Amino acid sequence: MDRQAIFLTLRLATLTTLILLAVAIPLGYWLAYGRARWRPLVEAAVALPLVLPPTVLGFYLLVLMGPRTAAGRVLAAVFGHPLAFSFAGLLVGSVIFSLPFAVQPMTSGFRSVDREILEAAELLSARPGRILTRVLLPLVRPFLLTAAVLAFTHTVGEFGVVLMIGGGIPGVTKTLSISIYDQVQDFAYAQANHTALLLLSLSFLALLIIYGRRGRAGV
Amino acid sequence: MSSVYLQADIEHTLGDLSLRLSCALSAPWTVLFGPSGAGKTSMLRILGGLTRPERGRVVLDGRILVETEGRAWVPPAERGIGFVTQQPALFPHMDVTGNVAFGLSRLDRRSSGERVGEMLQLFQAGHLARRRPADLSGGEKQRVALARALAPGPRLLLLDEPFTGLDADLKVSILEPLTAWLAERKIPALYVSHDVGEAFQTAADVMVIERGKIQAHGPAPVVLAARRQQLLRQLGAS
């Protein structure tokens, strides 16, 4: 088993999940309650990774992060090195690729809260942060868990974007899914089987957590 | 409380309903009558700050809450208005104490606890303090909703048919301590109701709203005279 790839994948998935939750809570709130006319535009952009081939997304991110674009040069100046073929670049790609898996459950969660409850909170507290932390987040906790588990497992299993942006550099960008691909290329089926079994177990466990919690919460 | 307490001039369109309201509240208890879809709830939502009117001005106790021309807008929680509707809308993940204390974040823990105790005692709900909303009956939920709305000490109370579905005895058992408490603190209330008898019992002013306009406003015996006669005729006929 490629232990280096396991730790790299877990590190990537953990950081991606934390960043995505920090983004998905305010974005999901805005998509659920915002009234801006261009909300469908943002909603469509967030959902795009669901329908886009990962290689297409990976290709555009690779171009964007490369030294030939202004954005790439700015990012290189900020991080001190080009983002392509680095862990930081992989992280950016993972966050974008898994964005809908975190934002959509949060949006659904916020939309599921009765309007009367939200209004009752608005009548009693003028601080949106307090309403979010004391009323909304406790009510959408099952959705928060779904968002976290989906973001984590989707990151663990991603392949196309990782390959395009990271290139599979051992210890830097080579994740478990790339490791399986390499093992199959080398006809090391037993090793590939072990790695695949690990991913399969992880995915099943994640789904078990989501459905188990939903069953208890009656969602 | 003889001077004007609440002055509202509102223009707002909601689907087919065009609200053109102009009213001044000076009575401690005003009952808002009107058929379904007349604009009663919309009026209360605008006063409470849950709906922004297209045009208008709302002044409560000398303080401008809304002035669309001057772009003045006071958010709901800063208006000093308590609002209770047909839906108690209690926070399901908090117990009764947590619900009532939610609007008291400006008070320290001790003062907040005392206020919660006072409110629960007022509505005979002290024994419910640790219960969750899911474990309460409809009447108990409305008592807690009222306690929660009154706890921050509002300067106006809006009641949008909060007792619908409750039996008459239960309604009286809630209304009596509520009206006494409001009268003691000189807090006026605007109360949406379909019960003509209630207006006479509480010596209220009555405001009749139809198709988004206020058609009559004054003491109950004057405004509801015709309706009272009609009811008496119906009783005589039966």
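Residues numbered from 1 in each chain as written. Chains lettered and ligands numbered in written order. Predicted model: local features only at pLDDT ≥ 70, side-chain atom pairs only at ≥ 80, totals over all residues.

(A) Spotlight on the overall build of chain A. Along its length, chain A carries eleven helices and zero strands. For chain A, the spread of C-alpha atoms along the principal axes amounts to about 65 × 45 × 25 Å. Looking at chain A as a whole, 37% of its 219 residues qualify as buried. Considering only contacts within chain A whose residues lie at least 6 apart along the sequence, 73% involve residues at least 24 apart. (Helix = DSSP H or I, 4+ residues; strand = E, 2+ residues; numbered from the N terminus. Buried ≥ 20, exposed ≤ 12 C-beta atoms within 10 Å, placed from the backbone. Contact = placed C-beta atoms within 7 Å.)

(B) The arrangement of the overall build of chain B in detail. Helix and strand counts for chain B come out as eight helices and eleven strands. In summary, chain B has a C-alpha radius of gyration of 18 Å against a globular reference of 18 Å for 238 residues, a match within 12%. Going through the 238 residues of chain B one by one, you find that 43% of them count as buried. In chain B, once contacts between residues fewer than 6 apart in sequence are set aside, the share between residues at least 24 apart is 68%. (Rg over C-alpha atoms; globule rule 2.2 N^0.38 Å.)

(C) The arrangement of the sheet that holds strand 7 (residues 81-84) of chain B in detail. Residues and elements named next belong to chain B. A sheet is described by the order of its strands in space; here six strands give the open sequence 7-8-9-3-10-11, paired in mixed fashion. The open sheet is flanked by strand 7 and strand 11 (213-219), the only strands paired with a single partner. Strand-to-strand, the axes of this sheet are offset by a mean angle of 15°, without reference to chain direction. Strand direction decides the pairing type here: strand 7 and strand 8 (residues 156-160), joined by four bridges, are parallel. Counterpart to F83 in the pairing with strand 8 is L158. Across the sheet, helix 1 (residues 40-48) lies against strand 3 (29-33), strand 7, strand 8, strand 9 (189-192) and strand 10 (205-210), angled at about 150° from strand 8, the strand it touches most. (Pairing = 2+ DSSP bridges. Axes fitted to C-alpha atoms, helices over the stretch in contact; angles between N-to-C directions.)

(D) Looking closely at the packing of helix 4 (residues 138-150) of chain B against helix 5 (residues 168-185) of chain B. Residues and elements named next belong to chain B. Running from N to C, helix 4 and helix 5 point in directions that differ by 15°, and their axes come no closer than 11 Å. One way to sum up the angle between helix 4 and helix 5 is to call them roughly parallel. Of the two elements, helix 4 crosses helix 5, and the hand of that crossing is right-handed. For the pair helix 4 and helix 5, contact is made by G139, Q142, R143 and L146 and by L170, I174 and L178, respectively. (Parallel < 35°, antiparallel > 145°, perpendicular 65-115°, else oblique. Left-handed = near helix turned anticlockwise from the far one by under 90°.)

(E) Just the nonpolar core, in detail. A102(A), M106(A) and A147(B) are the most contacted members of the largest nonpolar core, which totals 117 residues. Looking at this core element by element, the count peaks at ten residues for helix 5 (residues 87-112) of chain A. Apart from residues no more than four positions distant in its own chain, A102(A) is found in contact with L20(A), L21(A), A24(A), A147(A), L150(A) and A151(A). (Core = buried A, V, L, I, M, F, W, Y, C linked by C-beta atoms within 7 Å.)

(F) Just the sheet that holds strand 4 (residues 55-60) of chain B, in detail. Residues and elements named next belong to chain B. What the five strands build is an open sheet, ordered 2-1-4-5-6; its pairing is antiparallel. If you trace the sheet from one side to the other, it starts and ends with strand 2 (17-25) and strand 6 (72-73), each paired once. As judged from the four bridges shared by strand 4 and strand 5 (residues 63-67), these two strands associate in the antiparallel manner. Bridge pairing in strand 5 links V59 to I64. Where helix 1 meets the sheet, its contacts fall on strand 1 (6-14), strand 2 and strand 4, and the angle it forms with strand 1 comes to roughly 120°.

(G) Highlighting the pairing of strand 5 of chain B. Residues and elements named next belong to chain B. The hairpin turn running from strand 4 into strand 5, its antiparallel successor, is two residues long, and D61 in that turn takes a positive phi close to 50°. With two bridges joining them, strand 5 and strand 6 adopt antiparallel strand pairing. Considered in strand 6, the bridge of E67 is made with A72. The antiparallel pairing of strand 5 with strand 6 creates a hairpin that spans four residues between the two strands, and R71 there sits at a positive phi of about 55°.

(H) Focus on the interface of chain A and chain B. The interface is formed by 14 residues belonging to chain A together with 16 residues belonging to chain B. Mapped by element, the contributors of at least two residues to the side of chain A that touches chain B are helix 6 (115-124) and helix 7 (128-139) of chain A. A per-element tally of the side of chain A that touches chain B places helix 6 of chain A first, with seven residues. By residue class, the composition of the side of chain A that touches chain B is eight nonpolar, one polar and five charged. (Nonpolar A, V, L, I, M, F, W, Y, C, P; charged D, E, K, R; others polar.)

(I) How the structure looks around the environment of F163(B). Residues and elements named next belong to chain B. Within the secondary structure, F163 sits in the loop between strand 8 and helix 5. Judged by local crowding, F163 falls into the buried class, with 23 C-beta atoms found within 10 Å. Between the C-alpha atom of F163 and that of R143, which follows or precedes it by 20 residues, the distance is 9.8 Å. Each residue touching F163, except ones within four places of it in the same chain, is listed here: Q142, K171 and I174.

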